[in-house]
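# Architecture and fold: a report
Next come the chains, spelled out residue by residue.
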Amino acid sequence: MNFWIKTKVMFREIADISAHIDTADAAERIKSNIWFRGPNVWILAFSIIVASVGLNINSTAVIIGAMLISPLMGPIIGTGYALGTNDITLLKQAGKNLLVMVAVSLLASSLFFLLSPLRLVNPTELMARTSPTLYDVLIALFGGLAGILETSRKERGTVISGVAIATALMPPLCTAGYGLAKLDMHFFLGAMYLFTINSVFIALATYATVKVLPFRQAEFIDAATAKRQRSFITLLVIAVVFPSIWSAVSLVNRNNLERKVLDFITENKTFSRSYIYDYKITDGKKVEVFLTGDPLNEVERTQLLLAAERFGLDQEKIVINDHSATPVNDEYEQMVRSIYDRADEEMARKDAHIRQLEEQILSLRAQDIPYGQLAREIRFRYPEVGEVTVTRGAAVPADTLGSEPRILVLARTGGKMGPKEIGEMNDWLKVRLNDTTVVVMTVN
């Protein structure tokens, strides 16, 4: 029992943050970081353009650098703080500055993408900001917790910079600006959804921390005003929390569906005489599977659907698209035939290369010298021989640049073997090793 009490006390001492927190100073810093005026506006615009360049050229390093410059976190943390302290006036100011921040960001990024001469065939960094996942929710939530704790502690470090990078508020705004510039609603709506998720969960993390830590609550003129404003704040928090929970649950469900679909596709990549080359999840529920190769008959389609069911996928939500379901023309047939021909050529080339390597291995094995066995046989036939050295090399005559392969046998005889015995050993080794290049040399 003593052990558990000591462990509990030790854990409490380690986890206790009360001695490291200064809520009064934190409140002043949060309020001062809300404002978007003067230099902050220009710094935000410049950092947005830097981030847009990074997205446009698929440079992660440039994007990270832009996130370190940007002052985006202020109004979002300010919103959570205002909700947590029931401060309506501060909430209005934070919301107004947040709108200014978003407007400046969208304007700067839209102008950049309108005027930029750079065009990417595959803008992967932009595409990555159009589909929020569960991980984005977790990063925003725990990043927000780290951010408000860093703001609240007495000794300030570099945590805020890390939070700014991890929560990635800038890239979605830049991507939304790209969507506006190109009039592409897929990019705009997807990116704004990601930015909203990040902002909401950072604000909720701040709200929860402010409620736990001893932050000073807003003061009201009278009890009626206090009650009215607290009721408004409560309703606003509920209005934010419930859609956020729904969004998080939806992302979890989508993540689980994507995992099941990926496992199913991986397991059935090659099915019968067809090949699954792509898939698409639509409306978060329906899964379209695209195949090439021979058309599937009804039995094969049923087997594929049953395979999907084994991975927890509803048969009714699986749509199988192979070329039997589309008009087949000469161009399509030529394309498929070309794919098969290239695959056959590649397989034939690899088979030939494998055979060549196998022949080389067999050739090298045939040249192997059984060193241990050969030494034992030499000592058995010629007891006068002590140490034996056998090596494969080349003889290089002094008057030519060429060389001749040799097997050299160096035998230590102590002067007990004459030329006749050495010649016999040489002849025997040529037969034993099936190599006429054997040369025997002796040393005393």
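Worth saying up front: this structure is predicted, and the values here are computed from it rather than measured.

## Topic: the overall build of the protein
- Across its full length, the protein carries 16 helices and seven strands.
- Evaluated residue by residue, the protein yields a buried proportion of 38% over its 444 residues.
- Surface summary for the protein: the accessible area is close to 26300 Å², and the carbon and sulfur share equals 61%.

## Section: the sheet that holds strand S1 (residues 270-271)
- Spatially, four strands are ordered S1-S2-S3-S4 in an open sheet, and the strand pairing comes out mixed. For this open sheet the edge positions go to S1 and strand S4 (318-321), each flanked by a neighbour on one side alone.
- Strand direction decides the pairing type here: strand S2 (residues 274-282) and strand S3 (residues 286-293), joined by eight bridges, are antiparallel. The residue of S3 that forms the bridge with Thr282 is Lys286.
- Taken strand by strand, helix H13 (residues 298-310) contacts S1, S2, S3 and S4, and its axis lies near 140° from that of S4.

## Thoughts on helix H8 (residues 134-152)
- Compared with the 27 Å implied by 1.5 Å per residue over 19 residues, the 27 Å span of H8 between its first and last C-alpha is a close match.
- Where H8 is concerned, the buried positions are Leu134, Val137, Ala140, Gly143, Gly144, Gly147, Ile148, Glu150, Thr151 and Ser152.

## Some remarks on the pairing of S2
- Here S1 runs beside S2; their pairing, made up of two bridges, is antiparallel. Its bridge partner lying in S2, Thr270 is registered against Tyr275.
- The hairpin formed by S1 and S2 contains two residues between the paired strands, and Ser272 there has a positive phi angle of roughly 55°.

## Digging into the packing of aromatic side chains
- Under the criterion given, the structure shown has six aromatic pairs.
- Note on Tyr81 and Phe215: the rings are 5.6 Å apart at their centroids and 75° apart in plane angle, and the pair reads as edge-to-face. With a gap of 134 residues between them, Tyr81 in helix H5 (residues 73-84) and Phe215 in the loop between helix H11 (185-212) and helix H12 (223-267) connect regions that are remote in the sequence.
- Given a relative accessible area of 4%, Tyr81 falls into the buried group.
- Among the residues examined, Phe215 registers a relative accessible area of 6% and is labelled buried.
- When the ring of Phe112 is compared with that of Phe113, the centres are 5.1 Å apart and the planes differ by 75°; the resulting orientation is edge-to-face.
- Phe112 sits in the buried class, given a relative accessible area of 15%.
- For Phe113, a relative accessible area of 2% puts it in the buried group.
- What links up through ring pairs into an aromatic cluster is the set Phe112, Phe113, Tyr178 and Phe187.

## Examining the sheet that holds strand S7 (residues 438-443)
- Read from one edge of the open sheet, three strands run S5-S6-S7, paired in mixed fashion. The outermost strands of the open sheet, each flanked by one partner alone, are strand S5 (388-395) and S7. Adjacent strand axes in the sheet meet at a mean angle of 25°, parallel and antiparallel pairs treated alike.
- Relative to strand S6 (residues 404-412), S5 runs antiparallel, the two being bridged by eight bridges. Residue pairing for S6: Val388 is matched across the bridge by Ala411.
- Packing of helix H16 (residues 419-433) onto the sheet brings it into contact with S6 and S7, and relative to S7 it is tilted by some 140°.

## Considerations on the side chain of Thr206
- Position of Thr206 among the secondary structure elements: in helix H11.
- Among the residues examined, Thr206 registers a relative accessible area of 0% and is labelled buried.
- Of note is the side chain of Thr206, whose polar atom sits 2.9 Å from the backbone oxygen of Ile202.
- Not counting residues up to four positions away in its chain, the partners in contact with Thr206 are Ile77, Gly80, Tyr81, Gly144 and Ile148.

## Some words on the nonpolar core
- Residues Met101 and Met192 are the most contacted members of the largest nonpolar core, which totals 62 residues.
- Take this core: its biggest share by element is twelve residues, from helix H6 (residues 88-115).
- With near-sequence residues (within four places) excluded, Met101 lies in contact with Phe36, Leu44, Leu72, Pro75, Ile76 and Phe195.

## Examining the environment of Lys211
- Relative to the elements of secondary structure, Lys211 occurs in helix H11.
- Linking Lys211 and Gly84, residues 127 residues apart in sequence, is a C-alpha distance of 5.6 Å.

## What about a nonpolar patch on the surface?
- A grouping of Leu235, Ile238, Phe242, Ile245 and Val249 is seen on the molecular surface, where their side chains present a nonpolar patch of about 490 Å² in accessible area.
- Counting through the fold element by element, Phe242 comes out in helix H12.

## Regarding the packing of H5 against H6
- It is the contact of H5 with H6, at a shortest axis distance of 8 Å, that shows an interaxial angle of 160°. One way to sum up the angle between H5 and H6 is to call them roughly antiparallel. The way H5 lies across H6 gives a crossing that is left-handed. Across the interface between the two elements, Pro75, Ile76, Gly78, Thr79, Tyr81, Ala82 and Leu83 from H5 touch Leu90, Leu91, Ala94, Gly95, Asn97, Leu98 and Met101 from H6.

## What about unusual backbone geometry?
- Notably, Asn86 is not glycine yet its phi reads approximately 60°, a positive angle.
- Structurally, the position occupied by Asn86 is in the loop between H5 and H6.
- For Asn86, a relative accessible area of 8% puts it in the buried group.

## Looking at the packing of H8 against H11
- At their nearest, the axes of H8 and H11 sit 7 Å apart, and the two run at 40° to each other. With respect to H11, the element H8 is oriented oblique. Judged by the sense of rotation from one axis to the other, the crossing of H8 with H11 is right-handed. Facing H8, whose interface residues are Asp136, Val137, Ala140, Leu141, Gly144, Leu145, Ile148 and Leu149, H11 presents Leu194, Ile197, Asn198, Phe201, Ile202, Ala205, Thr206 and Thr209.
- Its residues assigned to classes, the contact of H8 with H11 shows eleven nonpolar, four polar and one charged.

Basis of the calculations
- Residues numbered from 1 in each chain as written.
- Predicted model: local features only at pLDDT ≥ 70, side-chain atom pairs only at ≥ 80, totals over all residues.
- Heavy atoms only, no water.
- Helix = DSSP H or I, 4+ residues; strand = E, 2+ residues; numbered from the N terminus.
- Buried < 20%, exposed > 50% of the residue type's maximum accessible area, 1.4 Å probe, protein only.
- Areas by Shrake-Rupley, 256 points an atom, 1.4 Å probe, with all protein chains shown as cover.
- Pairing = 2+ DSSP bridges.
- Contact = heavy atoms within 4.5 Å.
- Axes fitted to C-alpha atoms, helices over the stretch in contact; angles between N-to-C directions.
- Expected span 1.5 Å × (residues − 1).
- Phe/Tyr/Trp six-rings, centres within 6.5 Å; stacked < 30°, edge-to-face > 60°.
- Polar contact = N/O pair within 3.5 Å; in protein donor to acceptor, adjacent residues only side chain to side chain.
- Core = buried A, V, L, I, M, F, W, Y, C linked by side-chain atoms within 4.5 Å.
- Patch = residues over 30% accessible without salt bridge, like charges linked within 9 Å, V, L, I, M, F, W, Y side chains within 5 Å.
- Salt bridge = Lys/Arg side-chain N within 4 Å of Asp/Glu carboxyl O.
- Parallel < 35°, antiparallel > 145°, perpendicular 65-115°, else oblique.
- Left-handed = near helix turned anticlockwise from the far one by under 90°.
- Nonpolar A, V, L, I, M, F, W, Y, C, P; charged D, E, K, R; others polar.

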